Amino acid sequence: MTPHRTVLTFEYPTAEQARRVARSLRPEIGAIDGDRTTARLARDGATLECVVEATDLIALRAGCNTWLTLTDVAETAGDC
């Protein structure tokens, strides 16, 4: 069981922008998960949700920083 969890929610002007960011992030799901942190993505229209779960708060902070940075890069590359 994972005792710590954060839900990062990103709202975009259009569903297409959210889809582009999600497509950029999907290959990283599972590829960068560690022993202490996992993440999953879900998109509903123009809203993208990233759920980060971790076994401890230090791992949760690191996981959140990773996914926030990856999302920022995807948004910048896609001009969102």
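Fair warning: this is a prediction, and the values are worked out from it, not measured in the lab.

Topic: the nonpolar core
Here is step 1: Ranked by internal contacts, the top residues of the largest apolar core, which has 18 residues, are Leu25, Leu48, Cys50, Val52 and Trp67.
Here is step 2: Sorting elements by how many residues they give to this core places helix 2 (residues 57-77) first, with five residues.
Here is step 3: Among residues more than four places away in sequence, those in contact with Trp67 are Leu8, Leu25, Glu28, Ile29, Ile32, Ala39, Cys50 and Val52.

Describing the environment of Ala22
Here is step 1: By the element assignment, Ala22 lies in helix 1 (residues 15-25).
Here is step 2: Once the C-alpha coordinates of Ala22 and Ala59 are considered, the two residues, 37 residues apart in sequence, prove to be 23 Å apart.

Here's the deal with the pairing of strand 3 (residues 47-54)
Here is step 1: Across the eight residues that make up strand 3, a large majority, six, are buried.
Here is step 2: When strand 2 (residues 37-44) meets strand 3, the two strands line up antiparallel, connected through eight bridges. Considered in strand 3, the bridge of Thr38 is made with Glu53.
Here is step 3: Between strand 2 and strand 3, which pair antiparallel and follow one another directly, the connecting turn spans two residues, one of which, Gly45, has a positive phi of 60 degrees.

Describing the sheet that holds strand 3
Here is step 1: Here we have three strands laid out as an open sheet, ordered 1-3-2, and antiparallel in their pairing. Edge positions in the sheet fall to strand 1 (4-11) and strand 2, since each has one partner strand and no second. Here the strands of the sheet are splayed against their neighbours by 15 degrees on average, with no regard to which way each runs.
Here is step 2: Contacts from helix 1 reach strand 2 and strand 3, with the element oriented near 155 degrees to strand 2.

Describing the state of the cysteines
Here is step 1: This model, assessed by the stated rule, comprises zero disulfides.
Here is step 2: As a non-bridged cysteine, Cys50 has Cys64 as the owner of its nearest cysteine sulfur, 7.9 Å distant.
Here is step 3: Relative accessible area serves as the criterion here: at 1%, Cys50 is assigned to the buried category.
Here is step 4: Using a relative accessible area of 10% as the deciding quantity, one classes Cys64 as buried.

What counts, and at which threshold
- Residues numbered from 1 in each chain as written.
- Predicted model: local features only at pLDDT ≥ 70, side-chain atom pairs only at ≥ 80, totals over all residues.
- Heavy atoms only, no water.
- Core = buried A, V, L, I, M, F, W, Y, C linked by side-chain atoms within 4.5 Å.
- Buried < 20%, exposed > 50% of the residue type's maximum accessible area, 1.4 Å probe, protein only.
- Helix = DSSP H or I, 4+ residues; strand = E, 2+ residues; numbered from the N terminus.
- Contact = heavy atoms within 4.5 Å.
- Pairing = 2+ DSSP bridges.
- Axes fitted to C-alpha atoms, helices over the stretch in contact; angles between N-to-C directions.
- Disulfide = S-S within 2.5 Å.

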